[in-house]
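# Observations on chain architecture
One-letter residues, chain by chain:
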2 protein chains.
Amino acid sequence: MSDASNPATIAVIGGTGHLGGALARRWARSGRRVLLGSRDAGKARDAALALSNETGVKVEGGANRDVAERALIVVVTVPFGSQAATLTDIRDVVQGKLVVDCTVPLVPPRVMRVQLPAEGCAAAIAQRILGEQVSIVSAFHNVAAHKLATDAAVDCDVLVFGEQRDARETVVRLAEAAGLRGLHAGSLANSAAAEALTSILIFVNKHYGIDGAGVRLTGSFGAK
Amino acid sequence: MSDASNPATIAVIGGTGHLGGALARRWARSGRRVLLGSRDAGKARDAALALSNETGVKVEGGANRDVAERALIVVVTVPFGSQAATLTDIRDVVQGKLVVDCTVPLVPPRVMRVQLPAEGCAAAIAQRILGEQVSIVSAFHNVAAHKLATDAAVDCDVLVFGEQRDARETVVRLAEAAGLRGLHAGSLANSAAAEALTSILIFVNKHYGIDGAGVRLTGSFGAK
């Protein structure tokens, strides 16, 4: 209850992973209250302590389900292979909340090849598992985690998908808090575009010998 | 036969449309030999005459199948609803050639929503219809036709998909001849990413009040 003050506490599920850890660090440094989750509560607490020491901001860690229960915004950063089990684990405690799904449906070993799921995109799977009482937004598919983990500017937009404009706007602001430009990109089904793009970025990294290609939309986005 | 000299003649199928007309114009002005095709041969001849007069380069027009027969590179720029019929029409005369499919699977009226076909992408449909003896590359999904129709620089990359690197490279150079940056983006299945992105661009154009948003990949592409 005390964690649910404004601005809302963010639970990062899979927070000991590369993307989750990098987002948590940037959000903590921006002044947001962050909880780190992992399947392994001890590992999450260790990572949270390290992050607290580094940033000077108190970050707590715990089991995915426990930190999800304590936050109003739950950001899921797990591999595609763990998405269903993770969402099923936290389903009961995220009802009525905002869940930001960052899952990219990479199917190893062919991660340079787009292999979207039968549902159309990983975000649609999240909606199906969590149900209609959860506001789902998908985002953060394309940003290179190892770049986000530094303090450098990251030359990549965050395309933000979801049915509800207000929920998308909250995530656009989370992107900005992490030092990225977030852009409204339409309905949850549109997440297929960003999820597929990740395989393109992995391909061009290899083909052109690049470290961390990104994506930018061009146009006069200044107005809104 | 005389049309099949090097550099290869380009037949633009659907060449009286916005994208096809704009590509044909840019290629003609770059010195490429271009044939304009349409279902209506007379309309194609009229458009070719207008293009010849404007550019000072001789452009010929004719029925889609006739111009496809006379070229080694066949660029298909038709709406998704016409893709299957158009490819079936030209199938016999493009065997052994390079076909560049530009089809974006928009399903009106909901063009701001990604609705990829069951095959995964429109490029996969092209491969299925044309067969394995046709080298298929897909590209030019994201460039705004009305911007391409001008002489201005267009702030948009061309993501180029196909199984064969040499065929992709030919299309990367076609993009450059049209004044655009072409990038190798992996296998034909990866075309789903660019095809889906078009709905995102249509969405952001409306949401942010932009005229002709585009997409750029970021990173150090200079090397290759």
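Right above here is the structure, for reference.
Residues numbered from 1 in each chain as written. Chains lettered and ligands numbered in written order. Predicted model: local features only at pLDDT ≥ 70, side-chain atom pairs only at ≥ 80, totals over all residues.

### Concerning the overall build of chain A
The following threshold applies: Strands here are runs of E lasting at least two residues and helices are runs of H or I lasting at least four, both read from the DSSP assignment and numbered beginning at the N terminus. Radius of gyration means the value over C-alpha atoms here, while the globule rule gives 2.2 Å times the residue count to the 0.38 power. Any residue surrounded by 20 or more other C-beta atoms within 10 Å of its C-beta is treated as buried, while 12 or fewer makes it exposed and the intermediate range makes it partly exposed; C-beta atoms here are placed from the backbone. With C-beta atoms placed from the backbone, a contact is any residue pair whose C-beta atoms sit within 7 Å.
Scanning chain A from terminus to terminus reveals 8 helices and 9 strands. For 224 residues, the compact-globule formula gives about 17 Å, and the C-alpha radius of gyration of chain A, at 16 Å, lands near that figure. When the backbone C-alpha atoms are referred to their principal axes, chain A occupies close to 45 × 40 × 35 Å. Counting over 224 residues, chain A shows a buried share of 56%. Taking the intrachain contacts of chain A between residues at least 6 apart in sequence as the baseline, contacts between residues at least 24 apart amount to 70%.

### Observations concerning the sheet that holds strand 1 (residues 10-13) of chain B
All names here are of chain B. To keep things clear, this is the line we draw: At least two DSSP bridges between two strands are required for those strands to pair. Between the N-to-C directions of two axes lies an angle of 0 to 180 degrees, each axis being a line fitted to C-alpha atoms and, for a helix, fitted only over the stretch in contact.
Reading across the sheet, the 8 strands line up as 3-2-1-4-5-6-7-8 and stay open at both edges, with mixed pairing between neighbours. Every other strand in the sheet has two partners, leaving strand 3 (60-63) and strand 8 (181-184) as the edge strands with one partner each. Going from strand to strand, the sheet's axes swing by 25° on average, the running direction of each strand aside. Two strands pair when backbone bridges link them, and strand 4 (residues 73-76) and strand 5 (residues 98-101) are joined in this way by 4 bridges, in the parallel orientation. Directly across from Val-76, in strand 5, lies its bridge partner Asp-101.

### Overview of the relation of the copies chain B and chain A
Applicable threshold: We superpose the copies by least squares over the C-alpha atoms of residues that have a pLDDT of at least 70 in both of them.
Superposition of chain B onto chain A requires a rotation of 180° combined with a translation of 0.0 Å along the rotation axis, giving an RMSD of 0.0 Å. Those values place the two copies in the arrangement expected of a two-fold rotation axis. An overlap of 100% is found between the interface residues of chain B and their copies at the interface of chain A, pointing to a shared contact surface.

### Observations regarding the interface of chain B and chain A
Note the threshold: Each residue is assigned to one class: nonpolar for Ala, Val, Leu, Ile, Met, Phe, Trp, Tyr, Cys and Pro, charged for Asp, Glu, Lys and Arg, and polar for all the others, Gly among them.
Each side of the interface is counted separately: chain B has 38 residues, and chain A has 39 residues. When residues of the side of chain B that touches chain A are traced back to their parent elements, those giving at least two are strand 8, helix 8 (191-208) and strand 9 (214-218) of chain B. Among the elements that make up the side of chain B that touches chain A, the one with the highest residue count is helix 8 of chain B (10 residues). Residue composition of the side of chain B that touches chain A, grouped by class: 22 nonpolar, 12 polar and 4 charged. One ladder, built from 5 bridges, connects strand 9 (residues 214-218) of chain A with strand 9 of chain B; its direction is antiparallel. Within strand 9 of chain B, the position partnered with Thr-218 of chain A by the bridge is Gly-214 of chain B.

### Thoughts on the sheet that holds strand 2 (residues 34-38) of chain A
Residue and element names in this part refer to chain A. Strand order in this open sheet of 8 strands is 3-2-1-4-5-6-7-8, and the pairing throughout is mixed. In this open sheet, the two strands that pair with only one neighbour each are strand 3 (60-63) and strand 8 (181-184). Across the sheet, the axes of successive neighbouring strands diverge by a mean angle of 25°, strand direction being ignored. In the sheet, strand 7 (residues 157-162) pairs with strand 8 via 4 bridges, with the strands oriented parallel. Across the sheet, the residue bridging to Leu-159 is Leu-183, located in strand 8. Contacting strand 2 and strand 3, helix 2 (residues 41-55) crosses the sheet at an angle of about 170° to strand 3.

### As for helix 8 of chain B
Residues and elements named next belong to chain B. Stated formally: Expected span of a helix, by definition, is 1.5 Å for each gap between consecutive residues, and there is one gap fewer than residues.
Look at helix 8: 26 Å from first C-alpha to last across 18 residues, which is about the 26 Å you get at 1.5 Å a residue. With 13 of 18 residues buried, helix 8 is to be regarded as a mostly interior element. Just downstream of helix 8, Gly-209 is the residue with a positive phi angle, here 65°.

### Section: unusual backbone geometry
All names here are of chain A. Note that the residue after Pro-108, namely Pro-109, is joined by a cis bond; omega there is 5°. Assignment of secondary structure puts Pro-109 in the loop between strand 5 (98-101) and helix 5 (122-130). A positive phi is found at Phe-140, a non-glycine position, where the angle reads about 65°. Within the element layout of this structure, Phe-140 appears in the loop between strand 6 (135-138) and helix 6 (145-148).

### Some points on the environment of Arg-65 of chain B
Along the chain, Arg-65 of chain B falls in helix 3 (residues 64-69). Contacts of Arg-65 of chain B, omitting those with residues within four sequence positions, involve Asp-89, Ile-90 and Val-93 of chain B.

### Considering the packing of helix 8 (residues 191-208) of chain A against helix 8 of chain B
A packed helix pair is summarised by two numbers, namely the angle formed by the two axes and the spacing between the axes. Test applied: Crossing handedness is defined as follows: a turn of the near helix away from the far one that is anticlockwise and smaller than a right angle gives a left-handed crossing, while the clockwise case is right-handed.
It is the contact of helix 8 of chain A with helix 8 of chain B, at a shortest axis distance of 8 Å, that shows an interaxial angle of 140°. Seen from above, helix 8 of chain A lies across helix 8 of chain B with left-handed handedness. Contacts from Ala-192, Ala-193, Ala-196, Leu-197 and Ile-200 of chain A in helix 8 of chain A reach Ala-192, Ala-193, Ala-196, Leu-197 and Ile-200 of chain B in helix 8 of chain B. For the contact of helix 8 of chain A with helix 8 of chain B, a count of residues per class yields 10 nonpolar, no polar and no charged.

### A word on the pairing of strand 6 of chain A
Residues and elements named next belong to chain A. Note the threshold: Seen with its strands pointing away from the viewer, a crossover is right-handed if its path from the first strand over the helix to the second goes clockwise.
Of the two faces of strand 6, both are covered, the one formed by Ser-135 and Val-137 as well as the one formed by Ile-136 and Ser-138. Pairing of strand 5 with strand 6 involves 4 bridges; the strand directions are parallel. Residue Val-100 lies in a different strand from strand 6, and its bridge partner there is Val-137. Viewed along the sheet, the connection from strand 5 through helix 5 into strand 6 turns out right-handed. Inspection of the sheet shows strand 6 paired to strand 7 by 2 bridges, in the antiparallel sense. Residue pairing for strand 7: Ser-138 is matched across the bridge by Phe-161.

### Thoughts on the packing of helix 4 (residues 80-90) of chain B against helix 5 (residues 122-130) of chain B
Residues and elements named next belong to chain B. The condition that has to hold: Oblique is the label for any angle not under 35 degrees, not over 145, and not in the 65 to 115 range, which are roughly parallel, roughly antiparallel and roughly perpendicular in turn.
Across the interface, helix 4 lies against helix 5 with an axial gap of 9 Å and an inter-helix angle of 20°. Taken together, the axis directions place helix 4 and helix 5 in an arrangement best described as roughly parallel. Judged by the twist between their axes, the crossing of helix 4 over helix 5 is right-handed. In this structure, helix 4 contributes Phe-80, Gln-83, Ala-84, Leu-87 and Thr-88 to the contact, and helix 5 contributes Ala-122, Ile-125, Ala-126, Ile-129 and Leu-130.

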